[in-house]
Every structure is written in C-alpha cells, then in structure tokens.
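Descriptive structure summary
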Amino acid sequence: MNAECLMQWNRLKKEAGDFPLEKLERELQTYLHENTGSDEQGVRAALRSIREALTCREHEDEAVRHKAGKLLKSCRHSFDEVCKNAGHFRKALTEARERNAEEKASPRVIPLGGGFRLEEVLSIKMLMTIGKTLELCVAKREDARSYWKEAESGESGLWLLLKGEERFALLKIDLEEHKVGEFSAHDNDDPEISFELAMEILEKLGVTADDETSFARVGAFGRFKCGRPEGEPVRVGEQEMWVWLYEDELIVGMEEHADGKLFWSRFERKQKKYNPFEDPRSPWDLFSREEWEENTGNHLSMGMLFEIVRRNPHVLERFRSPVNAEPARVRKAA
C-alpha cells in the first residue's frame, strides 16, 4: 500500500468508530497484491467514499441512505464490489447535493422588452432540462458538468432567455472578458433577436457580443452601446451603405431591402491604432488582408470592404480622423 493509500486507510480507521474493518483490510491487501500497478487513485476514492458513507447512514435523502448501506455491507466482501458500490454511492450523493442546491437557489430574473426575460441558471439539473428542451449538448450530464464547473469557478455565467414561458435560448457569459461566449437556440441554431432586445441583454448583463453571430447580425456592437452615431454614407454602384470608422475597427451597414433594414459587417484591425506621424505607410497600404480581420456573421466579404474603400476615397480621410461615439441615431432603421 503506497503512502497516499495508507493515509486514507489510517483516516478511515480513525473515523470508523465501532464499524468492523478487519475483513475490509484483508480484502484490500489481497486486491493490491493481485492487481499490481492497479488504479490506486480509484482505491483512495473508494476509501474516501467509505468514510463518507459512515456519516450518511442517517442522511435525509433515501437514495443516499440506501447506497451508503450497500457500500458498507460490501466491505465484508471483495474489494472489487466495494469499488463498484462506492461509485454508485458517490453518484447518489452528488445528485442529492444538486437537488438540495436547486431547492435552496433563488435565481435572478431580469425582465426584458417584448415579453422576454433572463433567468439565471443555478443548477446542473436546470441546465440539463434546458438542454433537453432545446436539444443542446448540455442535456448530457457529462457536458453539463463541464459547463457547470466553469460557472462554479466564476469563469462563466449561465442564463436562460425565455419568451413568455417558452425556453428560447441558452446564454453563456465569459465573466473574465465580460463578453457573450455562446448563445444557442434550439438544436444550436443562432437565435433570431431584434437590435433592441440584443442591446438590452448586453446592457443588463454588462457584456459585449461583437463576435457572436446573433448580435452581430443586427448590429448590436459594443461601439453602439451609448447610441448609434451618424454613419458615413458610401456607395458602390447603386448599392447604398453606411460606414462607422474607428481607430481599431470598421463597421458597415448595408441596405438591401425597401423597408430600410441594414445588414451588418464588422472588420477589426490587428494593430489597434494607426498614427500617421509614426507609421510611414499611407492609409491605402493599411487596407490589406494582413491588416484586417473579418467578424463572425459578417454580411460582406473582405473583398467587398476593399471595394468600398477603393470607390470611396473619403473613407481614407476619415481614417485619419476617426469618428467618435457620441450618441446620435442613424437615419436608416436597424
């Protein structure tokens, strides 16, 4: 028995009280002798489970009491049976703790416009239920545990978007970078949301979603969080567009229908700022594929961006003096 197994065994003997361990000790020695190079981590886990089972014989949850009793009875038999029953006991105990946490949890609810609301996800059971309804990977316990582990550690936050009483989409927030990490509707589709709803979600949660398709598709960019400034009008042939040009990014709203709806694209500069006094290259040289990155869900290609710039040289002049973000409504509807 290695040092760590021995430590677990000594702790078990100390906490066992009048529970008989003689048969278990012989079975454990036999098991380790016959299984040289065995999974000693599993042996330590089984010993820890026996210690915990001793304290759970009067547990409030019937399933935990039953599995604890089966585990302790198996200590009179082979250690293989002990390991099997230890796994069953740990599963029952984990599920009971999850149920207890869910009963005690009081999720935050954030009302939104249009009959929508956000509800905080506070348990694996709730997460799995959402996964089953929306047919997402978190319907499976293993995947749900992976998501829940991040939530428990404070790396992420999980929110359910509801439309009335209908589960509409699951939202995962990256709490370290304060941005939307995932936004999934039924069967992992991108949720269809309005610009107003998108901006309200971002405002209430204090995050951005520039790289998330559903938000980018309606122009709900971080640059517009204080209101959308007046755009710079440009044309390519008969196509009318509006450009918002900043030091580190370029946003294009493109009208394609008579109702004035804009289709959005966002391009980000790899080098965040252009200073004409420090950078000897001309602004023309800065519009190349090496300098810009396309955003997820863009309506326009990189080639179309270069065509816009080529046919509208005044955009380059604005690049020397980037627009600010003072609130002002664009004259075309979102």
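Residues numbered from 1 in each chain as written. Predicted model: local features only at pLDDT ≥ 70, side-chain atom pairs only at ≥ 80, totals over all residues. Heavy atoms only, no water.

1. Observations concerning the pattern of salt bridges
As a reminder of what qualifies: Every case where a carboxyl oxygen of Asp or Glu lies within 4 Å of a side-chain nitrogen of Lys or Arg is listed as a salt bridge. Helix and strand assignments come from DSSP, with helices taken as H or I runs of at least 4 residues and strands as E runs of at least 2, each series counted from the N terminus. Working definition: with a 1.4 Å probe on protein chains only, accessible area under 20% of the residue-type maximum means buried, over 50% means exposed, and in between means partly exposed.
Using the criterion set out here, one finds 17 salt bridges in the structure. With a shortest N-O distance of 3.8 Å, Arg-217 and Glu-192 are connected by a salt bridge. On the criterion of sequence distance, the pair formed by Arg-217 in the loop between α9 (213-216) and β6 (232-236) and Glu-192 in the loop between β5 (179-184) and α8 (195-205) is long-range, its members being 25 residues apart. Arg-217 gets classed as partly exposed once you look at its relative accessible area, which sits at 31%. For Glu-192, a relative accessible area of 60% gives the class exposed. Among the salt bridges present, the one from Asp-210 reaches Arg-266, with a minimum N-O distance of 3.6 Å. Pair noted here: Asp-210 is in the loop between α8 and α9 and Arg-266 is in strand β9 (residues 262-269), with a separation of 56 residues, a long-range link. Overall, the relative accessible area of 14% leaves Asp-210 in the buried class. Arg-266 gets classed as buried once you look at its relative accessible area, which sits at 6%. Because the salt bridges share partners, they merge into one network encompassing Asp-210, Asp-211, Arg-223, Glu-249, Arg-266 and Glu-268.

2. Some points on the nonpolar core
Using the following cut-off: Nonpolar cores were defined as sets of buried Ala, Val, Leu, Ile, Met, Phe, Trp, Tyr and Cys residues, with membership established by side-chain atoms within 4.5 Å.
Judged by nonpolar contacts, the single largest core of 34 residues is most densely connected at Leu-118, Leu-161, Leu-171, Val-180, Ile-201, Leu-205 and Phe-215. Considering every element that reaches this core, the biggest residue donor is α8, with 7 residues. Grouped together as the second largest cluster of nonpolar side chains are 28 residues, Leu-12, Leu-28, Ala-53 and Phe-89 included.

3. Points about the sheet that holds strand β3 (residues 156-163)
As a reminder of what qualifies: Strand pairing follows a simple DSSP-based rule, namely that at least 2 bridges must link the two strands. To get an axis, a line is fitted to the C-alpha atoms, and for a helix only the part in contact is used. The angle between two axes follows their N-to-C directions and goes from 0 to 180 degrees. It only takes one pair of heavy atoms within 4.5 Å for two residues to be counted as in contact.
Reading across from one edge, β1-β2-β3-β4-β5 is the order of the 5 strands in this open sheet, with antiparallel pairing throughout. Each edge of the sheet is formed by a strand with only one pairing partner; in this case those strands are β1 (109-111) and β5. Here the average twist between neighbouring strands, direction ignored, is 25 degrees. Of the strand pairs in this sheet, β1 and strand β2 (residues 116-120) are connected by 3 bridges, and their pairing is antiparallel. When the sheet's bridge partners are listed, Pro-111 is paired in β2 with Arg-117. On the sheet, helix α7 (residues 141-153) packs against β3, β4 (166-174) and β5 and is oriented at approximately 115 degrees with respect to β3.

4. What to know about the packing of helix α1 (residues 3-15) against helix α3 (residues 40-55)
Each packed pair of helices is defined by two parameters, the angle between the axes and the distance between the axes. Rules: Each angle is binned into one of four classes, with values under 35 degrees roughly parallel, values over 145 roughly antiparallel, values of 65 to 115 roughly perpendicular, and all other values oblique. Each residue receives one of three labels: charged for Asp, Glu, Lys and Arg, nonpolar for Ala, Val, Leu, Ile, Met, Phe, Trp, Tyr, Cys and Pro, and polar for the others, Gly being one of them.
Contact geometry for α1 and α3: axes closest at 9 Å, N-to-C directions at 10 degrees. The orientation of α1 relative to α3 falls into the category roughly parallel. For the pair α1 and α3, contact is made by Glu-4, Cys-5, Gln-8, Trp-9, Arg-11, Leu-12 and Glu-15 and by Glu-40, Val-43, Arg-44, Leu-47, Arg-48, Ile-50, Arg-51 and Leu-54, respectively. Here the contact of α1 with α3 is composed, by residue class, of 7 nonpolar, 1 polar and 7 charged.

5. With respect to the pairing of β9
Among the 8 residues of β9, 7 are classified as buried, and the element is accordingly described as predominantly covered. Alignment of strand β8 (residues 249-255) against β9, held across 7 bridges, turns out to be antiparallel. Within β9, the residue paired with Gly-253 across the bridge is Trp-264. Pairing geometry for β9 and strand β10 (residues 292-294), over 3 bridges, is antiparallel.

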